[in-house]
Amino acid sequence: MTRILILIKGLGRGGAEQLLVNAAPYLDTERFRYEFAYLLPWKNALVVDLERAGFEVSCLHGARGLGWLKRLRRLVAEHDIDIIHAHLPYTAIGARIAFWRDHGVKIVYTEHNMWSRYKTLTSWANAFTFSRNDHVFAVSNEVRGSVRYPSLLARRPLPPLETLYHGPDPEAIMRWAGEDGVRQELGIPGDAPVVGTVANLKAHKGHDYLLQAAVRVKESVPDARFVCVGLGPLEDELRRRSLQLGLEKTVIFTGFRADAPRLMKAFDIFALPSIHEGLPIALVEAMMLGKPAVVTRAGGTPEVVEDGQQGYLVASRDPNALAGRIVELLEDKSLRMRMGAAARVRAADFDIRKSVERMETLYDRLHRTAGADGSQSTAPSRPEEREAG
């Protein structure tokens, strides 16, 4: 049985972290033995979900210094780990360093973000150690295309690199498919159109531009409501900004909601005003529920939404364009219904079960092709795999 360690910095409620929980029900535990490890003890909200699914979860206590690298090596040795699958650069960099010369342990990495978005030190450390990966998945073509070594490292070999779309668990999403009194709970009149977003309240998600757009939408559709689902460091600032813009009766902040798909079912439109993105899972969830989208051309969003088909793409930091497309959809129910139906069809391409199947195919190949000394490298075996130059 191949032993897999899934390694991530934290298990709080973020997009990359939620993907691990989405995948958990579909992992083949007859062929693979899975366990999970994370570094930050206070980011543990999803630990209970993984443990409830029957998986062992370890905290490596990596908040201070690099002592966690020794703890990682000890865990790998004691549990006979064959493959480490790391998510997010900090943990991946550490795993590569810890097993730099030990090719008996294979390293798979999922790149969730554009390389241009990383801080200088992270970017250089990621690039310098990147060749130690045995295989890399990128969550979108845009993310994959951003993988470019700095000129000083141009001679370093790149590992096999492919795009692998990750997404929600469709069965879990459809369990929340009923509105179940959401409008009444949030104080929204039954006939008021609802524009909603689900995202952490962080600067790169662009919520302030959505608030500015809400002012303009309100002029054309006075009874429209905007629902912002999520937590984050900008919550107080965004609430104050909403009041300054006179949106106290228009914008509703719900905070974190474990039943976010239930709330999304009550939306007429899903909006995402991001400045930069990897591939937004909440967008795919909304589309699975048949919601047309108005989103910015950020990161992988154009790979999810085809402009004019499942919704509209607009430029980042442009509240006027955002508002214009939202009003267009709010004023045309038949258009919303048509785009919503197309969105549901498109979302099927991002089913988490497909990505699990591909990852496990890779795990199996890496384990089977490892030489006696564990040093045999793997070459791309699928047409969509490539080495970035």
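For the structure itself, consult the block above.
Reading the values: the criteria
- Residues numbered from 1 in each chain as written.
- Predicted model: local features only at pLDDT ≥ 70, side-chain atom pairs only at ≥ 80, totals over all residues.
- Heavy atoms only, no water.
- Helix = DSSP H or I, 4+ residues; strand = E, 2+ residues; numbered from the N terminus.
- Expected span 1.5 Å × (residues − 1).
- Buried < 20%, exposed > 50% of the residue type's maximum accessible area, 1.4 Å probe, protein only.
- Contact = heavy atoms within 4.5 Å.
- Axes fitted to C-alpha atoms, helices over the stretch in contact; angles between N-to-C directions.
- Parallel < 35°, antiparallel > 145°, perpendicular 65-115°, else oblique.
- Left-handed = near helix turned anticlockwise from the far one by under 90°.
- Nonpolar A, V, L, I, M, F, W, Y, C, P; charged D, E, K, R; others polar.
- Pairing = 2+ DSSP bridges.
- Lys, Arg positive; Asp, Glu negative; His and termini not counted.
- Salt bridge = Lys/Arg side-chain N within 4 Å of Asp/Glu carboxyl O.
- Phe/Tyr/Trp six-rings, centres within 6.5 Å; stacked < 30°, edge-to-face > 60°.
- Lys NZ or Arg CZ within 6 Å of the ring centre and 35° of its normal.

Undergrad: Is there a simple way to explain helix H9 (residues 207-220) in this structure?
TA: Each α-helix winds once per 3.6 residues, and so residues spaced three or four apart point in a common direction. Between its terminal C-alpha atoms H9 stretches 20 Å, which fits the 20 Å expected from 14 residues at 1.5 Å a residue. Taken residue by residue, H9 has His207, Leu210, Leu211, Gln212, Ala213, Ala214 and Val217 as its buried positions. Those residues of H9 that are buried are in contact with strand E8 (194-198), strand E9 (225-229), helix H10 (235-244), strand E10 (251-255), strand E11 (269-272) and helix H14 (319-330).

Undergrad: Where do I start with the packing of helix H12 (residues 281-288) against helix H15 (residues 333-347) in this structure?
TA: If you want to describe how two helices pack, look at the angle between their axes and the distance between the axes. In the contact formed by H12 and H15, the axes pass within 7 Å of each other and the chain directions differ by 120°. As judged from the angle between their axes, H12 and H15 are oblique. Crossing of H12 over H15 shows left-handed handedness. In contact with Val284, Met287 and Met288 of H12, H15 contributes Ala343, Arg344, Arg346 and Ala347. Each residue belonging to the contact of H12 with H15 can be placed in one class, and the counts come to 5 nonpolar, no polar and 2 charged.

Undergrad: Can you help me understand the sheet that holds strand E13 (residues 311-314) in this one?
TA: Taken in spatial order, the 6 strands line up as E10-E9-E8-E11-E12-E13 in an open sheet, and their pairing is parallel. Lying at the two open borders of the sheet, with one neighbouring strand each, are E10 and E13. In this sheet, neighbouring strand axes are inclined to one another by 20° on average, regardless of whether the strands run parallel or antiparallel. One ladder, built from 3 bridges, connects E11 with strand E12 (residues 293-296); its direction is parallel. Residue pairing for E12: Phe270 is matched across the bridge by Ala293. Of the strands in this sheet, E8, E9, E11, E12 and E13 touch H14, which is tilted by about 170° from E13.

Undergrad: Explain the side chain of Glu17 to me, please; I cannot follow it from the model alone.
TA: Within the secondary structure, Glu17 is located in helix H1 (residues 15-23). Despite its burial, Glu17 pairs with no opposite charge; the closest candidate is Lys43, at 5.7 Å N-O. If we skip the residues at most four places from it in the chain, Glu17 touches Ile8, Gly10, Leu11, Gly12, Leu46 and Leu88.

Undergrad: I keep staring at the packing of aromatic side chains and nothing clicks. Help me out?
TA: Think of a pair of aromatic rings as described by two things: how far the centres are apart, and how the planes are tilted against each other in angle. Applying the stated criterion across every chain yields a total of 11 aromatic pairs. Measuring from centroid to centroid gives 5.5 Å for Phe36 and Phe55, while their planes differ by 75°, and the two rings are edge-to-face. Here Phe55 lies in the loop between helix H2 (47-52) and strand E3 (56-59) and Phe36 lies in strand E2 (residues 32-38), a separation of 19 residues in the sequence. On the basis of relative accessibility, which here comes to 2%, the residue Phe36 falls in the buried class. Judged by centre distance (6.4 Å) and plane angle (35°), the rings of Trp115 and Tyr149 are tilted. Placement of Trp115 in the loop between strand E5 (106-111) and helix H5 (120-129) and of Tyr149 in the loop between helix H6 (141-145) and strand E7 (161-163) is noted, with a sequence separation of 34 residues between them. A relative accessible area of 6% places Trp115 in the buried class. The structure contains a cluster of three or more aromatic residues connected by ring pairs, namely Phe32, Tyr34, Phe36, Phe55 and Tyr363. Lying across the ring of Phe99, Arg73 places its NZ or CZ 4.9 Å from the centre. Above the face of the Tyr109 ring, Arg96 is positioned so that its terminal group lies 4.7 Å from the ring centre.

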